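Listed below, chain by chain, are the residues.
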Amino acid sequence: MEIAYKPLDICNEEQFASIKRLIDADLSEPYSVYVYRYFLNQWPELTYIAVDSNSKTPKVPIGCIVCKMDPHRNVRQRGYIGMLAVESTYRGHGIAKKLVEIAISKMQSAHCDEIMLETEVENVAALNLYEGMGFVRMKRMFRYYLNEGDAFKLILPLTERSCTRSTFLMHGQMA
């Protein structure tokens, strides 16, 4: 198996549809087309796909990661992993890990201070992946998902600024 990792082609509607199918099949939250468009149109450089170069359909994504970044409380630049999915027949080959590594690298290059995400408490594979890469559980959010499942908020600190909690700053003070 030869996997290629590529940035999203924002103009390719077929690729968009494939990404949406991949994510919809895996994640417990149904996302509207507007959520996808929000991420993909605002931060196309933070969406990557994995394709099996040896497949009969080598252009169809078998994995993807969709991210964004923006200022968080005027204290730090925060990256966010919104969606990560790998087709079930391709799991266990390090594809998700490679996609996360690419996203982390891109967000570090863009001067993010931290990267945040949420994942279901029951998703042991995702928790093992993220915690193995240095993400730390920050809090548990009860009945976070529409299916009433709980989630963990995880953060990967990248800079010292990530350790500054805005709660402890005086109003208007920047870190």
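For the structure itself, look to the data block above.
Worth saying up front: this structure is predicted, and the values here are computed from it rather than measured. (Residues numbered from 1 in each chain as written. Predicted model: local features only at pLDDT ≥ 70, side-chain atom pairs only at ≥ 80, totals over all residues. Heavy atoms only, no water.)

One open sheet holds the seven strands; their spatial order is β1-β2-β3-β4-β5-β7-β6, and the pairing between them is mixed. On the outer flanks of this sheet lie β1 (3-7) and β6 (136-141), each paired with one strand and no other. On average, each strand axis in the sheet is tilted by 25° relative to the strand beside it, whichever way the strands run. In the sheet, β6 pairs with strand β7 (residues 151-157) via five bridges, with the strands oriented antiparallel. Paired with Val136 across the two strands is Ile155, which belongs to β7. (Pairing = 2+ DSSP bridges. Helix = DSSP H or I, 4+ residues; strand = E, 2+ residues; numbered from the N terminus. Axes fitted to C-alpha atoms, helices over the stretch in contact; angles between N-to-C directions.)

Now for the pattern of salt bridges. If you walk through the whole model with that rule in mind, you get eight salt bridges. A salt bridge links Glu13 to Arg37; the nearest nitrogen and oxygen atoms lie 2.8 Å apart. Of the two residues, Glu13 is situated in helix α1 (residues 13-26) and Arg37 in helix α2 (residues 33-42); the sequence distance between them amounts to 24 residues. Residue classification places Glu13 among the partly exposed positions, given a relative accessible area of 44%. Put simply, Lys68 and Asp70 hold a salt bridge, and the shortest N to O gap is 3.0 Å. With a relative accessible area of 16%, Lys68 lands in the buried category. Taken together, the shared-partner salt bridges in this structure form one network comprising Arg76, Arg78 and Glu114. (Salt bridge = Lys/Arg side-chain N within 4 Å of Asp/Glu carboxyl O. Buried < 20%, exposed > 50% of the residue type's maximum accessible area, 1.4 Å probe, protein only.)

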